[in-house]
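Report on the structure
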Amino acid sequence: MFGWEFPPHISGGLGTACYGIVTGLLQQGVQVTFVVPKLYGGENRKAFRLVSASDVLVNTAVPVTQKWSERLQYIEAHSPLAPYAMLDPEETGHTEVKEMEQLTIADDKSRLKRFRMTGKYGNELMQEVHKYAVVASGIAGTYEYDVIHAHDWLTFPAGIAAKEASGKPFVAHIHATEYDRSGENVNQAVFDLEKEGMERADHIIAVSEYTRQIVIDKYGISPEKVSVVHNGITTKGTDSTRLSKGVQEKVVTFMGRITYQKGPEYFVRAARKVLDVVPDVRFVMAGGGDKMDAMIDLVAELKMSSRFHFTGFLNGPEVDEMYAISDVFVMPSVSEPFGIAPLEAIQANVPVIISKQSGVSEVLKNAIKVDFWDVDALADAIAALLQYNSLSGLFKENGKSDLKELNWKKSASGIEEVYQKLKSYVPEISQ
Amino acid sequence: MSAICFYFQVHQPFRLRPYRFFDVGRSHNYFDEDMNSSIIKKVAEKCYLPANELLYDLLTHYKGDFKVSFSISGTALDQFEKYAPEVLASFQKLVDTSHVELLAETYAHSLASVASKKEFRTQVRQHVKKIYSTFGQHPKVFRNTELIYNDAIAHQVAEMGFKGMLTEGADRVLAYKSPNYVYRAHPASDFGVLLKNYKLSDDIAFRFSDQSWSQWPLSVDKYIQWLNRLPKQHQVVNLFMDYETFGEHQWADSGIFRFLQELPAHVFSSSDYAFIHPSEALESFEPIDILSVPETISWADEARDLSAWLGNNLQKDAFDSLYKLRKKIRKCDDQEILRDWQYLQASDHFYYMSTKDFADGQVHKYFSPYPSPYLAFINYMNVLSDFEIRLSRHLQTRARSIKHNQLIKKLIRDERLSTEKVPVKIREVI
C-alpha cells in the first residue's frame, strides 16, 4: 500500500484515513505493507510493515526502474519549482534539498541508489512524487503481496510503477480529486497524474458516491470500474471532563483548512445573517489556509469582528477543545469527497450542518443538509439549531446512531471485497 | 528674532502577548511583560538614558538659553515605573532644571479625539494629572496623538483651557503658507497652533543616517546654514520628532548624539536663532493668520491623515468594537478594568493592523511585533472579546450588589420602623 503520510505526521484527513483503513484491514486478517516517502519516527504501527521509501536501496539497472528513473529525470528538468497551492502554508515550504546518495558496488554493474524525500508538500513535490515511483518499482519485487493499493494522486505513479514491475493488480483509492481542491481552475499536471492513475488502475475505490460521479464524469472512467467505500471513524473514548467554556454565548464553528474547497466565505456570510437576528452568539473559524486573510477582511467589512473569531492552526488537543466548546458545527464545503470533521463533531455531541456537495451527506441521516451556496438556508439552519434546543438535542442523540454504522472495519470489508475480485482476475491482467 | 522650538515625543505602548481564542473568558492577562520590559530596557539604554544625560548637560550649561519640550505618554511613564525607574528619575532630573516644558496628551496615546468627546476629555485629564503628580508641572500646551488635528479637536482642546496645540505642517492645509509662524485655530480665537516644519524635522529624524540621501552626512554647520537661509521675519522653526530618534531610530554610531550636542553652541555662535518653549512661542509671537483644517491631519505616513490607524476595514471594525464599550465603561469602577481600557486604546494596536504597502508599510513593519497585520488584528480582537466579557461580568456583579445593598438597607429600615412602632402599640394597648 502506498500513501504519502501516516499519523502522527499528517497535514490533513488523508493520513488519518490511511491509518483507519490499515487498522480495519488488519482486523479483517489482511496483511499490509505500508510505504511512505519518509519515516519520522513515532508513527503508530502495530502488526504491519511500515516502509520508508527514502531508505530503500534501488537497483536502477532493472528495466522498469530505469524507465521510471528517466521519467524522473525528465520531470526534474521540466517541472517548475512551485509549491502546491492547495495545502496549508504551515505544511509547505519544508522541502530540504538532499542529495541523492549513490553507492556503486565495485564488481557489479548494477547501480544501487537511495532516493531521499521529505514527504512534505514543498516546492519539489512533483519531483518527489516521481522519485517515490522509482523506489516503488524497486520495492515491487522485494515483498510478498497480492494487490497494490495507492492513495490519491501523489502515490499513483508509484502504484503504476509497482504494477509494471510486478504484474500485480493496482487499486487507486480516491480520497479527493483536483476538482474538489481547486474547482474549475485545476492544476493540469495533477489532473494528468490522477487521470493516468485512474486509467491504469484495475479498479478504483471512491470515498463516496459523490466522488464516484466526479471520477466518471470528469475523468471519463467507466462506471463499472469504480466502487464506493465510505470512510469510517475511529471511536474515541468520550471525554467526560468537558472544559468550562470561556464564553457564555453559544458557539458556531467552522473547522478545517480555510481554502476555496471548504467554502469559508459562505460561513462568514451566513454568520452576518444570523447575527442580525440572534446577537448573542459567537462564530469561530478554526484552522489556517490561503483564504484566511481574505476571510478576516470580509468579517471586518461586515462589521462583526467582536462576534467572529479566528484561531489559526489548531493542534490535536486544541481541536478536541474546539469541539467541546461548540454548539453548532458547520461544514459548508463547495466540494467534499467525504468529510470526516462532521463525524468528529457528532462524536463530541455537537449537531452539524453539512453541504449537500459532500460525501458524508450520503451517510449522515441526522444532520441538516444545505447547498453550499445557499447562504440563507445555512443561516436559517444555524439559527434554528441555536434557538430550538429540542431540535439540536434530537440531532445530538440520533447523530450517534449514524456513527455506529461507520467504522473502519466495515470500510475494510468493502475494500477486501474489491481485493478478492481482483485476485481472481490476476492471470488475465498480468498478461 | 526667530526661534527654534524643539519638541520630543516619548511613547511606549503596552504590547499584547499572543492571546488565543481559547484564552477568551479565561485569562485576563493581556500584556507581554517580557517583551515590554525588554523593549523599555533596550530603548532606555540606547536612547532615553544617554540622551537625557546629554540634554541635562546642555540645559545646565546654557542656563536656560537652550530649552526643549517633551510629551511623555502615560503608558510610557507607567512602563518606566515598572521596568526602568532610573529612566523616570532621569526625566525628573531633566524637568527639575526648569528648562523643560511638558505638554499634555491623552494618557494612552489613543485615538480618542476622533472617537468620543467625553472619552477624549477624560483621558487628557488623566494625563495632566499624571504629569503633575510625576513632575509637578501643569501643561499649558496640548499635543494630540501623532499630531492628529482638525478644527473640531482644536475647539475642544481650547475648551479644556489649553493655550494652543501642536500639529503637522501638512502641505495640503498650508498650501503656500510657511509652517514657521504661529497661527490661530479656526474659527478665530486666542487658541494658537504651532506647525511642525517637517522638512527640517525629518532631516534629523528620518534622513540623518540615510547614506543614499544627497545631503548625507548632515553636519551641524550645514544644518545651521539651512536655518540661516530662512527669511528673517519667520517666527519659529518647529522641530518635532520622536525622542527615540536619538540612539534608537538613528543609531549612536551615525553621530546623532554629537549632532545634538554641538547644535546649541553653533546656533548661538553662527545664527540669530534662540530656543523657545511652545507656550512662550504662543505668548510672544503674534499669530499671522487663521488656519482652517476641516479634515483631520496627522504626522504619519505620506498621506498625513488617519489612514495609518483607520485605513482599512480591520482597523475600522476593531476601532468601532472598542469604542462601542465606552458607555459601559462609564459605569465601571474597577481600577484594573479601567487601566486595561486605557492600554487597549493605544493607537499602536491599530497601527500594527495597517495593510499599507511600500515605503509606509516598511515603517509600519519596523514598529510592529506581529508578522502580519491580520495576526495583529486576530490577537487584538481576542483580547478585546475577553475585555468585553470581563466588563459585562463586572457590571452585572456590581448591579447585583447595588440591588443587594438597597434590599438590605430597606430591610433594616423596615425592621427599625417596626421595632419603633411596637412600643407605640403597646402604649396604645395600655
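As the structure is a computational prediction, the values presented were derived from the model and not from experiment.

1. Description of the overall build of chain A
- Scanning chain A from terminus to terminus reveals 14 helices and 15 strands.
- Sequence-distant contacts, at least 24 apart, represent 69% of the contacts inside chain A between residues at least 6 apart.

2. Looking at the confidence of the model for chain B
- Across chain B, pLDDT averages 93, with 97% of residues at or above 70.
- Listed scores for the predicted complex are pTM 0.84 and ipTM 0.80.

3. Here's the deal with the sheet that holds strand E8 (residues 203-206) of chain A
All names here are of chain A.
- The 4 strands are arranged E6-E7-E8-E9 in an open sheet whose pairing can be described as parallel. The sheet is open, and its two edges are formed by strand E6 (148-151) and strand E9 (226-228), each paired on a single side. Each adjacent strand pair in this sheet contributes to an overall mean axis angle of 25°, direction not counted.
- The sheet strands contacting helix H4 (residues 156-166) are E6 and strand E7 (170-174), and the helix crosses E6 at an angle near 165°.

4. Side note on the sheet that holds strand E15 (residues 368-370) of chain A
Residue and element names in this part refer to chain A.
- Taken in spatial order, the 6 strands of this open sheet run E12-E11-E10-E13-E14-E15, and their pairing is parallel. Edge positions in the sheet fall to strand E12 (308-312) and E15, since each has one partner strand and no second. Pairwise comparison of adjacent strand axes, ignoring direction, gives a mean angle of 20° for this sheet.
- Of the strand pairs in this sheet, strand E11 (residues 281-286) and E12 are connected by 4 bridges, and their pairing is parallel. Across the sheet, Met285 pairs through a bridge with Phe310, a residue of E12.
- Helix-sheet contacts for helix H8 (residues 264-277) involve strand E10 (250-255), E11, E12 and strand E13 (328-331), and the interaxial angle to E11 is about 170°.

5. Things to note about the domain arrangement of chain B
- Taken domain by domain, chain B holds domain 1 (3-291) and domain 2 (311-405).
- A separation of 25 Å is found between the C-alpha centroids of domain 1 of chain B and domain 2 of chain B.

6. What to know about the packing of helix H1 (residues 33-61) of chain B against helix H3 (residues 85-95) of chain B
Residue and element names in this part refer to chain B.
- Their axes nearest at 10 Å, the elements H1 and H3 cross at an angle of 20°. Relative to H3, the element H1 is oriented roughly parallel. Taken as a pair, H1 and H3 cross one another with a handedness that is left-handed. Contacts from Ala44, Tyr48, Leu49, Asn52, Leu55 and Tyr56 of H1 reach H3 at Val87, Ser90, Phe91, Lys93 and Leu94.

7. Some points on the domain arrangement of chain A
Residue and element names in this part refer to chain A.
- Looking at chain A, the domain boundaries give domain 1 (13-232 + 409-430) and domain 2 (250-404).
- Across the boundary between the two partners, domain 1 contributes 22 residues, which contact 18 residues of domain 2.
- When contributions to the side of domain 1 that touches domain 2 are tallied by element, the ones reaching two or more residues are helix H1 (13-27), helix H5 (178-182) and helix H7 (209-219).
- Considered class by class, the residues forming the side of domain 1 that touches domain 2 number 8 nonpolar, 9 polar and 5 charged.

8. Some points on the environment of Tyr121 of chain A
- Relative to the helices and strands, Tyr121 of chain A resides in the loop between strand E5 (111-114) and helix H3 (125-139).
- In this structure the C-alpha to C-alpha distance between Tyr121 of chain A and Pro63 of chain A, which are 58 residues apart in sequence, comes to 29 Å.

9. Concerning unusual backbone geometry
Residue and element names in this part refer to chain B.
- Going from His186 to Pro187, the amide bond is cis rather than trans, its omega being -5°.
- Between Trp216 and the following residue, Pro217, the backbone shows a cis peptide bond with an omega angle of -5°.
- In this fold, Pro217 is placed in the loop between helix H7 (198-205) and helix H8 (220-229).
- Positive phi, close to 50°, is recorded for Ala175, a residue that is not glycine.
- Mapping Ala175 onto the fold places it in the loop between helix H6 (171-174) and strand E6 (183-185).
- Using a count of 6 C-beta atoms within 10 Å as the deciding quantity, one classes Ala175 as exposed.

Rules used in this analysis
- Residues numbered from 1 in each chain as written.
- Chains lettered and ligands numbered in written order.
- Predicted model: local features only at pLDDT ≥ 70, side-chain atom pairs only at ≥ 80, totals over all residues.
- Helix = DSSP H or I, 4+ residues; strand = E, 2+ residues; numbered from the N terminus.
- Contact = placed C-beta atoms within 7 Å.
- pLDDT = per-residue confidence, 0-100.
- Pairing = 2+ DSSP bridges.
- Axes fitted to C-alpha atoms, helices over the stretch in contact; angles between N-to-C directions.
- Domains from an automatic or database assignment.
- Parallel < 35°, antiparallel > 145°, perpendicular 65-115°, else oblique.
- Left-handed = near helix turned anticlockwise from the far one by under 90°.
- Nonpolar A, V, L, I, M, F, W, Y, C, P; charged D, E, K, R; others polar.
- Buried ≥ 20, exposed ≤ 12 C-beta atoms within 10 Å, placed from the backbone.

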